[in-house]
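Next come the chains, spelled out residue by residue.
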Amino acid sequence: MEAFLISTGIVALAEMGDKTQLLALLLAARFRKPWPIVAGILIATLANHAAAGAVGAWIQTVVSPSTLRIVLGVSFLAMAVWMLIPDKIDDDAGDKAPRLGVFGTTVVLFFLAEIGDKTQIATVMLAARYEAALAWVVAGTTLGMMLANAPAVWLGEKLTRRVPVRAVHLVSAVIFLVLGLVALLGA
């Protein structure tokens, strides 16, 4: 349960103001069809985070526990710094209807946007940290993504005007900083 709750919280916070949340806003504004967009985000996130979780679990099997502790600690500290750098995404969508439909377009765009993203890297690190709870990590990171993105789809830009994104990034950075220090200190 710890792996699920921590994964959910970390990813929900890390996703606030992230490029994929901005993508969710753009898709909602462009297509105005929230259900296929939210369904597409769910499918893309499950696929992407399952793969990231598998990589994290694999890393745990090939790296010694002491080396993994140092790598995780440094990675969490790097994530803390990364959280302080805001994401931006350009709106270069044309007026054409999507070839794959709203759902298919969302799945493809979200899956690709998540590659190398903060939340994907966090999923790899959390899966390495909680190797025995891989399914809970993936479930938690997916729920965290949905908690951040589904409201963005339904509420659109009104949400971003009310949520102080900078404050959320600072809270996320502090959480990653604490996790990094805890890992480096061997707690």
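These numbers come from a predicted model, not from an experiment.

Q: So what exactly am I meant to see when it comes to a nonpolar patch on the surface here?
A: Judged by side-chain polarity, Leu 100, Val 108, Phe 111, Leu 112 and Ile 115 come together as a nonpolar surface patch covering roughly 440 Å² of accessible area. Inspection of the secondary structure assignment puts Val 108 in helix H5 (residues 101-114).

Q: Before we go on, may I ask you to explain the environment of Pro 151 in this structure?
A: You can see Pro 151 is positioned in helix H7 (residues 134-155). Put simply, Pro 151 and Leu 25 are 126 residues apart on the chain and 9.4 Å apart in space, counted from C-alpha to C-alpha.

Q: Would you take a moment to explain helix H2 (residues 19-31) for this structure?
A: Turn by turn, an α-helix covers 3.6 residues, leaving residues three or four places apart pointing in a common direction. With 13 residues, H2 extends 18 Å from end C-alpha to end C-alpha; this agrees with the ideal 18 Å at 1.5 Å per step. Every buried residue belonging to H2 is among Thr 20, Gln 21, Leu 23, Ala 24, Leu 25, Leu 27, Ala 28 and Phe 31, and all of these are buried. Following H2 by one or two positions, Arg 32 has its phi on the positive side, about 55 degrees.

Q: Where do I start with the packing of helix H6 (residues 118-129) against H7 in this structure?
A: Each pair of packed helices gets described by two things: the angle between the helix axes and the distance between those axes. At their nearest, the axes of H6 and H7 sit 9 Å apart, and the two run at 155 degrees to each other. Between H6 and H7, the angle falls in the class roughly antiparallel. As for how H6 packs across H7, the hand of that crossing is right-handed. Counted together, Thr 119, Thr 123, Leu 126 and Ala 127 of H6 and Leu 134, Val 137, Thr 141 and Met 145 of H7 form the full contact between these two elements.

Q: What is the right way to read the nonpolar core from this model?
A: Side chains of a nonpolar character, in soluble globular proteins, are inclined to be buried together. Counting 19 residues, the largest nonpolar core has Leu 72, Phe 76, Met 125, Leu 126, Tyr 130, Val 137 and Phe 176 as the members making the most contacts within it. For this core, the secondary-structure elements that each account for two or more residues are helix H1 (2-15), helix H4 (65-83), H6 and helix H9 (165-184). When residues in this core are grouped by element, the largest group, 6 residues, is from H4. Those residues in contact with Met 125, other than ones at most four positions away along the chain, are Leu 72, Ser 75, Phe 76, Met 79 and Phe 176. One finds Leu 23, Val 38, Val 107 and Val 153 within the second-largest nonpolar core, a separate group that totals 18 residues.

Q: Which parts of the structure should I look at to understand H4?
A: With 19 residues, H4 should cover 27 Å at 1.5 Å per step; its first-to-last C-alpha distance of 26 Å lies within 8% of that length. Within H4 the residues assigned to the buried category are Leu 68, Leu 72, Gly 73, Phe 76, Met 79, Ala 80 and Met 83. When H4 is viewed along its axis, its buried side chains cluster within an angular range of 135 degrees and face the same direction.

Conventions and cut-offs
- Residues numbered from 1 in each chain as written.
- Predicted model: local features only at pLDDT ≥ 70, side-chain atom pairs only at ≥ 80, totals over all residues.
- Heavy atoms only, no water.
- Patch = residues over 30% accessible without salt bridge, like charges linked within 9 Å, V, L, I, M, F, W, Y side chains within 5 Å.
- Areas by Shrake-Rupley, 256 points an atom, 1.4 Å probe, with all protein chains shown as cover.
- Salt bridge = Lys/Arg side-chain N within 4 Å of Asp/Glu carboxyl O.
- Helix = DSSP H or I, 4+ residues; strand = E, 2+ residues; numbered from the N terminus.
- Expected span 1.5 Å × (residues − 1).
- Buried < 20%, exposed > 50% of the residue type's maximum accessible area, 1.4 Å probe, protein only.
- Axes fitted to C-alpha atoms, helices over the stretch in contact; angles between N-to-C directions.
- Parallel < 35°, antiparallel > 145°, perpendicular 65-115°, else oblique.
- Left-handed = near helix turned anticlockwise from the far one by under 90°.
- Contact = heavy atoms within 4.5 Å.
- Core = buried A, V, L, I, M, F, W, Y, C linked by side-chain atoms within 4.5 Å.
- Arc of directions from axis to C-beta.

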